[in-house]
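Descriptive structure summary
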Amino acid sequence: MTPGVSVDIGGLRLGGPVLAASGTFGYGTEVPLLERRALGALVSKGIFLRPREGSAPPRIAETPSGMLNAIGLQGPGVEAVVRDYAPMWAEWDFPVLVNINGESASEYGELAARLDGVPGIAGFEINISCPNVEQGGLYFGNDPRAAAAVTESVRKRTKLPLWVKLTPMVSDIGVIARAVESAGADALCAINTFVGMSIDLNAYRPRLSFRTGGLSGPAIRPLAVHLAHQAARAVDIPVIGVGGIIRAEDALEFLVAGCSAVQVGTATFVNPKAIAEIHDGILGFLEARGLSSLAELPRYLPRD
Amino acid sequence: MTPGVSVDIGGLRLGGPVLAASGTFGYGTEVPLLERRALGALVSKGIFLRPREGSAPPRIAETPSGMLNAIGLQGPGVEAVVRDYAPMWAEWDFPVLVNINGESASEYGELAARLDGVPGIAGFEINISCPNVEQGGLYFGNDPRAAAAVTESVRKRTKLPLWVKLTPMVSDIGVIARAVESAGADALCAINTFVGMSIDLNAYRPRLSFRTGGLSGPAIRPLAVHLAHQAARAVDIPVIGVGGIIRAEDALEFLVAGCSAVQVGTATFVNPKAIAEIHDGILGFLEARGLSSLAELPRYLPRD
Amino acid sequence: MFLLDASIMGRRQVARGMFVIGMHAPEIATTVRAGQFVNLGWASGPLLRRPFSVYRADGEHIEVVLKAVGLGTAQLLAMELGDRVSCLGPLGRGFELAGANAVLISGGLGVAPMPLAARDARAVGMEVTWVHGARTAAELCAEAGGDRVIWATDDGSQGIQGTAVAASPDAEAVLACGPNRMLAAVAERWPHAQVSVETYMGCGTGVCLGCAMPLKRGGYDRACTEGPVYRAADVDWGALPSHLAYAVGT
Amino acid sequence: MFLLDASIMGRRQVARGMFVIGMHAPEIATTVRAGQFVNLGWASGPLLRRPFSVYRADGEHIEVVLKAVGLGTAQLLAMELGDRVSCLGPLGRGFELAGANAVLISGGLGVAPMPLAARDARAVGMEVTWVHGARTAAELCAEAGGDRVIWATDDGSQGIQGTAVAASPDAEAVLACGPNRMLAAVAERWPHAQVSVETYMGCGTGVCLGCAMPLKRGGYDRACTEGPVYRAADVDWGALPSHLAYAVGT
Ligand SMILES: Cc1cc2nc3c(=O)[nH]c(=O)nc-3n(C[C@H](O)[C@H](O)[C@H](O)COP(=O)(O)OP(=O)(O)OC[C@H]3O[C@@H](n4cnc5c(N)ncnc54)[C@H](O)[C@@H]3O)c2cc1C
Ligand SMILES: Cc1cc2nc3c(=O)[nH]c(=O)nc-3n(C[C@H](O)[C@H](O)[C@H](O)COP(=O)(O)OP(=O)(O)OC[C@H]3O[C@@H](n4cnc5c(N)ncnc54)[C@H](O)[C@@H]3O)c2cc1C
Ligand SMILES: Cc1cc2nc3c(=O)[nH]c(=O)nc-3n(C[C@H](O)[C@H](O)[C@H](O)COP(=O)(O)O)c2cc1C
Ligand SMILES: Cc1cc2nc3c(=O)[nH]c(=O)nc-3n(C[C@H](O)[C@H](O)[C@H](O)COP(=O)(O)O)c2cc1C
Ligand code: FES
Ligand code: FES
């Protein structure tokens with residue numbers, strides 16, 4: 001018998017624990033070669049209210065076991081998402097969440113209000129790694145009050161499942177995790193990319209035109225496992241692990257460390273079938289250990 | 001003509017810009033195979049006032065392009081350093097700094113007082129990645145006030161060059177950098193390891209007995225370059241770049257990004273001759289570009 | 001689009017430091033069009049795949065042409081016959097071929113998409129002029145196609161002295177590939193030319209937005225999906241990164 | 001201690017999944033003592049080197065014996081003759097050999113330091129009994145040394161049924177290598193035995209303190225420098241990690 005791997009994440013029932021991470025799967029319309037049965041859910045590329053051009057090239061640079069990206073949240077804006085993508089999503093057999101971004105707490109709220117009730121939109125993932133323009137460019141994700149304010153602003157406008165995606169660039173992720181949990185988040189995603197820089201020794205300047213970029217890929221996995229684990233210890237809502245998952249074993253590290261599901265990003269660039277292979281690998285692991293469902297997987301989650 | 005590569009770091013004249021990072025070169029007595037001419041300086045393994053046993057094994061775990069370590073600052077304590085190592089250091093032709101650690105600001109001060117004036121000790125590197133036991137285990141390095149207090153406490157007890165080694169687990173490294181600069185640091189080292197975790201899927205628990213460990217190696221290089229660059233932009237004192245340097249090109253990334261020198265850690269484990277090869281590679285790069293000294297290397301250091 | 005484990009079937013040298021590698025990739029060989037590319041990955045290789053134009057396709061095999069410019073290309077060139085490479089493709093939009101005649105202009109490694117372009121152009125009855133330039137004779141790709149061949153070298157050591165662009169006649173269809181500097185010159189002379197442009201790529205499949213191509217009309221296209229072949233006049237050449245190694249030299 | 005680029009010179013199978021690899025490392029071959037190890041690294045390999053006991057040393061060559069248990073060992077076994085491996089050694093303290101007779105007890109891959117131990121023990125005039133155990137006959141290392149050989153298998157498919165430790169006679173010098181569980185049993189029966197113990201290693205050269213060996217007297221030694229050979233009674237067997245794969249199975 002195939003082990004059961006469906007999971008309930010803050011009110012959303014997913015067919016499997018392996019999700020496509022925001023910004024690494026477009027709006028799902030490309031989905032090259034992937035067998036969709038394996039996709040627990042898709043989180044859309046991050047969107048803003050208005051269209052955005054994104055950063056000038058070069059936008060990516062490879063680093064040891066990782067890559068830097070500075071896409072600059074290029075996107076068509078909320079109206080195009082409602083018009084062009086949501087109708088397709090409504091037909092699909094897995095849920096699609098929209099990754100929402102703003103420069104002020106109220107902008108996040110407006111975005112949620114516009115999308116709430118649109119068929120095809122199963123929930124929201126709040127990206128709090130954006131600069132808070134009102135507070136002089138500090139990041140929402142670094143400040144528990146700002147993170148909670150964004151979460152509340154969205155919570156007021158929607159009853160749909162609400163996930164908050166945490167930034168790793170903090171001294172204590174538990175503080176932020178608790179703040180957004182109290183503000184009404186249904187689940188947390190840990191983590192977004194780490195800020196990094198790579199220098200072009202021919203030009204004596206950063207490789208990326210935006211100067212810095214977000215580091216993703218296997219390089220950050222041990223950091224992501226730690227942060228997801230810390231978040232899971234801090235809150236009672238589910239935590240979705242993200243960061244450097246390439247193989248099923250990597251996903252299982254997050255699951256054992258207390259996560260309820262995982263998102264896969266960079267791996268999809270390397271192997272378009274990565275999500276399906278990771279999904280199948282988790283099934284195989286459970287079967288080999290005689291575990292009849294994901295719920296039986298032993299977790300390492302000591303409470304302080 | 002060989003390009004000039006000697007550098008002045010906060011009052012200390014070094015023969016070259018490539019230093020051995022704390023905890024990766026013991027007390028310098030092992031120095032296997034390395035030609036010492038290439039060593040700009042050695043920073044000792046981190047010491048406390050009293051001897052420490054360190055953590056139970058396993059203490060290390062390999063991760064993609066990196067390694068986690070939880071040595072637990074095993075060491076013989078300050079008296080053994082004064083008795084067994086300092087006399088040897090006094091004979092060597094490169095400076096040795098002691099990496100000092102404590103559980104309270106005053107403990108750091110005491111340590112510096114005991115070592116100040118001991119022949120063979122050329123300066124101090126304050127490791128502020130230790131938990132501040134007095135303040136309930138929060139880290140000195142995360143809090144500008146605590147970091148400054150430690151720096152001041154040491155500054156009062158010694159006139160020797162004083163470097164402060166910053167932790168990367170902060171939202172804004174510039175704030176900490178400025179705080180310790182004001183408190184009297186002569187130079188900064190950026191950065192120490194990132195906290196990470198790796199799970200053993202056979203045991204369903206962390207690979208390291210200490211559960212978490214510090215991530216070092218090439219995986220963290222883009223993060224380290226960014227943080228060192230941010231620190232260099234924030235202060236007027238020299239910044240020494242650390243994190244993931246394996247080849248000369250890696251060191252040059254830090255130097256172009258505004259660092260005055262670099263430290264090499266994990267690379268020495270992989271290749272005992274790494275420091276000499278990196279030193280020679282920097283010389284070769286300068287020569288190939290027609291630069292007559294390190295000072296002529298173009299820097300990318302925009303001021304805000 | 002296919003994802004195949006392809007065996008390396010052969011390697012030959014075509015210029016100083018420039019090699020053609022053949023691999024067994026039947027589904028790609030039969031479907032690839034001129035100007036499309038494959039994204040290659042391999043065990044113990046770098047994290048990201050590396051994009052290469054398909055140089056030739058014949059029966060069950062495809063070929064790519066490359067030089068060792070970094071870690072990935074060096075590893076590819078060090079492979080032995082029978083070693084396996086994961087091959088994703090065909091990717092991107094290729095050349096559109098219509099008209100009575102075409103000139104195929106390439107500089108250095110820009111020769112990569114041209115053998116297929118010559119094949120496909122002649123298949124639709126176009127008369128093909130092949131113009132290939134490099135710094136010196138030793139760096140010219142020895143293999144040429146088309147009805148007429150024009151060589152150009154910077155030092156005059158073979159063919160016309162000067163650039164491939166300067167050496168090229170006009171034609172109804174102008175296809176070009178090479179350093180960005182060369183393509184910008186093509187754009188000046190033939191705004192309607194089709195140029196194959198290189199960018200850094202994350203995925204090659206359209207999901208990462210890493211391969212931004214700056215457009216004259218503003219904004220960015222995905223070079224892996226809307227490109228890598230563009231109308232020369234559509235590209236904002238000034239906004240293309242100029243400090244990249246590959247954008248500077250041949 | 002030497003750091004050499006060593007060419008792979010040969011490979012042979014000695015048990016199911018167990019292979020001996022030879023490499024050209026003259027300086028190490030002539031200086032290595034029984035129980036010492038080398039730390040191996042190679043291009044496109046994992047970041048950290050991998051430690052291996054020296055199995056044999058002969059003229060200009062050394063050998064190591066291994067199974068594919070993870071990425072590094074799998075890559076080593078996939079290498080071809082002539083491929084190069086960076087070889088750092090000899091490292092650590094080996095066995096001390098004195099007395100009239102010695103028994104060399106090994107379980108599974110624990111056979112690794114024994115051929116050298118047999119050679120060196122006989123060189124100082126000791127009479128050597130070789131005791132080697134594994135789960136089944138197929139997993140026994142086919143190569144043996146010493147004046148007398150005793151085989152032991154868990155299933156009795158070859159030699160004595162039971163463990164190598166149970167099958168072993170007493171002797172003045174007892175040398176043992178194998179899973180920690182086995183070595184702990186050795187320690188109970190022969191507190192003076194010399195055991196070669198595995199730990200995770202960062203550097204192999206004494207600078208990282210990663211290879212902590214818990215001691216009965218409290219605190220930790222560096223297995224790479226003070227070890228890997230210890231008096232059995234000196235090791236705090238209870239404090240050795242028990243959840244590691246290598247500490248659990250053979
Ligand atoms: C659509 C497309 C088709 C291509 N076709 C070919 C081809 O047929 N033959 C061929 O040899 N090369 C081709 N390239 C370029 C090739 O992909 C790069 O040379 C390769 O990725 C470099 O990998 P590396 O690991 O060897 O170099 P890296 O170590 O990654 O970098 C080394 C150098 O290569 C340059 N480089 C890195 N990535 C690219 C890139 N995407 N494009 C160009 N230069 C790069 C860098 O500036 C650097 O100086 C193509 C690129 C694209 C986008
Ligand atoms: C002093 C010393 C001598 C050794 N001699 C030999 C030898 O002669 N022959 C041999 O086959 N092996 C020997 N080992 C073990 C060998 O170093 C490991 O098997 C090897 O490092 C595993 O590398 P990997 O990349 O294949 O596995 P990894 O992918 O790193 O890990 C795979 C598995 O190997 C285990 N492992 C990882 N590191 C070690 C380690 N240091 N020791 C034991 N198990 C480990 C892990 O628990 C894991 O289950 C020795 C180890 C030491 C410390
Ligand atoms: C090219 C790229 C674009 C991304 N865009 C977004 C985004 O729009 N919103 C967001 O929350 N995260 C974004 N991310 C972060 C990923 O969703 C994920 O958190 C991160 O890449 C770590 O996972 P990985 O190592 O599996 O890639 C992006 C990542 C990459 C590589
Ligand atoms: C095994 C090990 C032990 C370390 N011990 C110390 C220490 O005692 N004090 C300290 O400040 N940093 C210590 N570090 C951190 C290094 O000095 C360095 O900051 C870090 O490893 C990043 O550099 P790298 O990537 O070149 O190794 C240690 C690192 C390692 C790997
Ligand atoms: S390379 Fe990823 S979208 Fe083009
Ligand atoms: S392995 Fe580094 S000290 Fe022993």
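Counting of residues starts from 1 at the beginning of each chain's written sequence and follows it residue by residue. Key to labels: chains lettered from A, ligands numbered from 1, both in the order written. In keeping with the model being predicted, local features are shown solely for residues with a pLDDT of at least 70 and side-chain atom pairs are shown and tallied solely at 80 or more, while totals for entire chains, interfaces and linings include all residues. To obtain the side-chain values, all non-hydrogen atoms of the structure were used and water was disregarded.

**Focus: the overall build of chain A**
To qualify as a helix, a DSSP run of H or I must reach at least 4 residues; to qualify as a strand, a run of E must reach at least 2; elements of each kind are numbered from the N terminus. Along chain A, the regular secondary structure elements total eight helices and 18 strands. The atom set for the radius of gyration is the C-alpha atoms, and the globule formula is 2.2 Å times the number of residues raised to the power 0.38. Against the compact-globule benchmark of 19 Å for 304 residues, chain A has a radius of gyration of 18 Å, which places it among compact chains. With respect to the three principal axes, the spread of C-alpha positions in chain A is 55 × 50 × 45 Å. Within chain A, counting contacts between residues at least 6 apart in sequence, those at least 24 apart form 69% of the total. For this analysis, residues touch if any pair of their heavy atoms sits within 4.5 Å.

**A short note on the site of ligand 3**
In the vicinity of ligand 3 lie 24 residues, with Ser22(A), Lys165(A), Gly217(A), Gly244(A) and Thr266(A) positioned nearest. A single heavy atom is enough: if one lies within 4 Å of a molecule or strand, its residue is considered near that molecule or strand. The environment of ligand 3 is shared, with nearby residues belonging to chains A and C. N or O atoms closer than or at 3.5 Å make up a polar contact, with two conditions inside protein: a donor-capable atom paired with an acceptor-capable one, and, for residues adjacent in sequence, both atoms drawn from side chains. At a separation of 3.3 Å, an oxygen atom of ligand 3 approaches a polar side-chain atom of Asn192(A). In this structure, an oxygen atom belonging to ligand 3 sits 2.7 Å away from a main-chain N or O atom of Gly244(A). Protein coverage of the free-state accessible area of ligand 3, which is 600 Å², stands at 97%. Residues were grouped as follows: Ala, Val, Leu, Ile, Met, Phe, Trp, Tyr, Cys and Pro as nonpolar; Asp, Glu, Lys and Arg as charged; and all remaining residues, including Gly, as polar. Its residues assigned to classes, the shell around ligand 3 shows seven nonpolar, 15 polar and two charged. The protein chains shown are the only cover counted for residues, whose accessible areas, like all others here, come from Shrake-Rupley with a 1.4 Å probe.

**Here's the deal with the interface of chain B and chain A**
The interface of chain B with chain A comprises 43 residues on the first partner and 43 residues on the second. Taken together, both faces of the contact between chain B and chain A bury some 3,800 Å²; the carbon and sulfur share is 65%. A pairing counts as a salt bridge when a side-chain nitrogen of Lys or Arg comes within 4 Å of a carboxyl oxygen of Asp or Glu. Between the two partners, chain B and chain A, sit zero salt bridges. Residue assignment for the side of chain B that touches chain A shows that the elements contributing at least two residues are strand S13 (194-196), strand S15 (205-206), helix H5 (221-234) and helix H6 (248-256) of chain B. Put simply, buried area is the surface a 1.4 Å probe can reach on two separate parts but cannot reach once they are joined, added for both.

**Re the pattern of salt bridges**
Per the counting criterion, the structure on display carries 40 salt bridges over all chains. Put simply, Glu62(B) and Arg50(D) hold a salt bridge, and the shortest N to O gap is 2.6 Å. Of the two residues, Glu62(B) is situated in strand S5 (residues 60-63) and Arg50(D) in strand S4 (residues 50-53); the pairing between them involves two chains. Given a relative accessible area of 23%, Arg50(D) falls into the partly exposed group. Note that Arg16(C) and Glu139(C) form a salt bridge whose closest N and O atoms lie 3.6 Å from each other. With a gap of 123 residues between them, Arg16(C) in the loop between strand S1 (2-15) and strand S2 (18-24) and Glu139(C) in the loop between strand S9 (127-134) and strand S10 (148-153) connect regions that are remote in the sequence. Throughout, exposure labels follow a simple rule: accessible area from a 1.4 Å probe, protein chains only, divided by the maximum for the residue type, with under 20% read as buried, over 50% as exposed, and the rest as partly exposed.

**Here's the deal with the domain arrangement of chain C**
Residues and elements named next belong to chain C. By the assigned domains, chain C splits into domain 1 (2-91) and domain 2 (101-239). With 23 residues of domain 1 in contact, the opposing surface of domain 2 contributes 25 residues. Per-residue buried area on domain 1 facing domain 2 is highest for Arg16, Ala34 and Tyr55; these three make up 25% of the total on that side. Counting across the domain 1 and domain 2 interface gives three salt bridges. Counting across the interface, domain 1 meets domain 2 through nine residue pairs in polar contact (both at pLDDT 80 or more). For the side of domain 1 that touches domain 2, the secondary-structure elements that each account for two or more residues are S1, strand S3 (37-41), strand S4 (50-53), strand S5 (56-58), strand S6 (61-67) and strand S7 (84-91). Tallied by class, residues from the side of domain 1 that touches domain 2 come to 15 nonpolar, three polar and five charged. Domain segmentation is taken from an automatic or database assignment of domains.

**Here we look at the site of ligand 4**
Residues and elements named next belong to chain B. Within the structure, ligand 4 sits among 24 residues, and Ser22, Lys165, Gly217, Gly244 and Thr266 are positioned closest to it. Between glycine 265 and ligand 4, the recorded distance is 3.0 Å, taken from a backbone N or O atom to an oxygen atom. Its free accessible area being 600 Å², ligand 4 has 97% of it covered by the protein chains. Here the residues of the shell around ligand 4 are counted per class, giving seven nonpolar, 15 polar and two charged.

**Some details on helix H3 (residues 144-155) of chain B**
Residues and elements named next belong to chain B. For a helix, the expected span equals 1.5 Å multiplied by the residue count minus one. If you check H3, its first and last C-alpha atoms are 16 Å apart, about what 12 residues at 1.5 Å a residue would give, namely 16 Å. For H3, the full list of buried residues reads Ala146, Ala147, Ala148, Val150, Thr151, Ser153 and Val154. The residue sitting at the N-terminus of H3 and contributing the capping side-chain oxygen is aspartate 143; that oxygen lies 3.1 Å from the backbone nitrogen of arginine 145.

**A look at the state of the cysteines**
All names here are of chain A. Note on disulfides: each one is a pair of cysteine sulfur atoms within 2.5 Å. In total, this model carries zero disulfides over all chains according to the counting rule given. With no disulfide of its own, cysteine 259 has cysteine 189 as its nearest cysteine by sulfur position, at a separation of 9.7 Å. For cysteine 259, a relative accessible area of 1% translates into the label buried.

**Points about the arrangement of the chains**
In this assembly, four pairs of chains are in contact, and the pair contributing the most contacts is chains A and B. Looking at chain B next to chain C, you find no contact at all, with the nearest C-alpha pair sitting 10 Å apart. At no point do chain A and chain D touch; the closest pair of C-alpha atoms across them sits 10 Å apart.

**Topic: the sheet that holds S13(B)**
Residue and element names in this part refer to chain B. Within the open sheet, the four strands sit side by side as S5-S6-S16-S13. Their pairing is antiparallel. Bordering the open sheet on either side are S5 and S13, each of which pairs with just one other strand. Averaged over neighbouring strand pairs, the angle between their axes works out to 35° when direction is ignored. Note: two strands are recorded as paired if DSSP finds a minimum of 2 bridges between them. Pairing between S5 and strand S6 (residues 66-69): four bridges, direction antiparallel. The residue of S6 that forms the bridge with isoleucine 60 is asparagine 69. Note on geometry: axes are lines fitted to C-alpha atoms, helical ones only across the stretch in contact, with angles between N-to-C directions running from 0 to 180 degrees.

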